[in-house]
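Geometric and topological summary
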Amino acid sequence: MIWNDEPNKAELEIQAMLNDLPCKVLFVDGNHENFNRINALPKIKMFGSEVGRYTCNVFHLKRGHIYCINDRNFFVQGGALSIDKEWRVLNVSYWKQEDITQGELDFAISNIENFTGNIDYVLSHTIPTTAVNELGKYISIRHKIHDKNSIKLEKIYQTLQKRDFDIKAWFFGHWHDDIDMKVAYNDRNMPFFCSYYTARMLENDDIKTIDFSSRVHIDSYNRKMVLREDFEKIAVGITNAI
């Protein structure tokens, strides 16, 4: 959604819709989106750490931060490779900041190593190498296996395992599919959920899936958007779960 250097009519309409929802909207950055704008968002304190304020109701969860939301701790790591960047234009249709930097990786690992509570969930765009290999059992991964961001996420994954947090689930996107899988995590398996045409709703650590594949359309950004009533249904469900 944050694509142009200045919000256009379509983006303003989406902003208005999101601002009307009965809950805060939080997002994790991915790839080929306008990081010049995202990184320039006003920084405010929220959920025990720092977020970027996009609108009065929409906030960017930053890479490497740990947030306490509804008494659950979420580790966040955005970023991924645009595999088609040779057909894109720098600072127009992709931005170099999409890749996780060494500084961001070091910051994330330091936060994990020094965190005194439990990390309950992980939110990311792409996933660690270990999880990518598991994903290959469900879909073709050949077009994205050269993403160095997965290698950096693998280092994060190994750090999480060393701390042996009781992580209940890892949520991600990027792969344009809806997949539920489990990945080896120390002496157990961790659920990984990829969402594209679904929303995952947490209710007392129970994970419910809402399928809106029949109710999506393509907007001027050539990206799927959920119709307003679907946003509201999800938002009301989240609000009732708090």
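Quantities reported herein were computed from a predicted structural model and do not represent experimental measurements.

In this section: the pairing of strand S12 (residues 206-211). The pairing of strand S11 (residues 198-203) with S12 spans six bridges and is classified as antiparallel. From the neighbouring strand, Thr 198 faces S12, where its bridge partner is Asp 211. Joining the antiparallel neighbours S11 and S12 is a turn of two residues, in which Asn 204 adopts a positive phi near 55 degrees.

In the structure shown here, the tally under the stated rule is 11 aromatic pairs. With centroids separated by 5.3 Å and ring planes inclined at 25 degrees, the aromatic side chains of Phe 74 and Tyr 121 adopt a geometry described as stacked. You can see Phe 74 sitting in strand S6 (residues 72-77) and its partner Tyr 121 sitting in strand S7 (residues 121-124), a full 47 residues away along the chain. Exposure remark for Phe 74: the relative accessible area of 9% places this residue in the buried category. Each ring, one from Trp 170 and one from Phe 192, has its centre 5.0 Å from the other, and the planes form 15 degrees; the classification is stacked. A residue pair is termed long-range when its members are at least 10 positions apart, and Trp 170 in strand S8 (residues 169-172) and Phe 192 in strand S10 (residues 188-194) qualify at 22 residues. The burial state of Trp 170 is the same as that of Phe 192; both residues are buried.

Using a probe with the size of a water molecule, rolled over the atoms, empty space left in the structure can be pinpointed. For the second largest pocket, the calculated volume is near 230 Å³. The wall of the second largest pocket is formed by 13 residues, among which Asn 39, His 60, Lys 62, Arg 63 and Glu 104 lie closest to the centre. Looking at the lining of the second largest pocket, the elements that each hand over two or more residues are helix H2 (35-38) and helix H3 (102-114). Across the lining of the second largest pocket, the residue classes break down as three nonpolar, four polar and six charged.

So, about the sheet that holds strand S5 (residues 66-69). Here six strands make up an open sheet; going across it, the order is S5-S6-S7-S8-S10-S9 and the pairing mixed. With one partner strand each, in any of the chains shown, S5 and strand S9 (179-185) form the two edges of the open sheet. For this sheet, the mean angle separating the axes of adjacent strands, direction not counted, is 25 degrees. Where S6 lies against S7, four bridges are found, and the strand directions are parallel. Looking at the pairing, Gln 77 lines up with Ser 124 of S7. Taken strand by strand, helix H5 (residues 148-163) contacts S6, S7, S8, S9 and S10, and its axis lies near 60 degrees from that of S9.

A few words on the pattern of salt bridges. Counted according to the given criterion, the structure contains 12 salt bridges. Measuring nitrogen to oxygen at the nearest pair gives 2.8 Å for the salt bridge that ties Asp 84 to Arg 88. Its relative accessible area of 26% is what places Asp 84 among the partly exposed residues. The partner of Glu 98 in a salt bridge is Lys 85, and the shortest N-O contact between them spans 3.7 Å.

Glancing now at the confidence of the model for the chain. Per-residue confidence for the chain averages 90 on the pLDDT scale, and 88% of its residues sit at or above 70. Below a pLDDT of 50 lies the segment residues 218-226, which in the model reaches 30 contacts outside its immediate sequence neighbourhood of four places, other chains included.

Quick notes on the rules
Residues numbered from 1 in each chain as written. Predicted model: local features only at pLDDT ≥ 70, side-chain atom pairs only at ≥ 80, totals over all residues. Heavy atoms only, no water. Pairing = 2+ DSSP bridges. Helix = DSSP H or I, 4+ residues; strand = E, 2+ residues; numbered from the N terminus. Phe/Tyr/Trp six-rings, centres within 6.5 Å; stacked < 30°, edge-to-face > 60°. Buried < 20%, exposed > 50% of the residue type's maximum accessible area, 1.4 Å probe, protein only. 1 Å grid on protein atoms, 1.4 Å probe; cavity = no way out; pocket = protein on both sides within 12 Å on 5 of 7 lines; lining within 4 Å. Points joined across faces, edges and corners; volume = space filled by probe spheres on them. Nonpolar A, V, L, I, M, F, W, Y, C, P; charged D, E, K, R; others polar. Axes fitted to C-alpha atoms, helices over the stretch in contact; angles between N-to-C directions. Contact = heavy atoms within 4.5 Å. Salt bridge = Lys/Arg side-chain N within 4 Å of Asp/Glu carboxyl O. pLDDT = per-residue confidence, 0-100.

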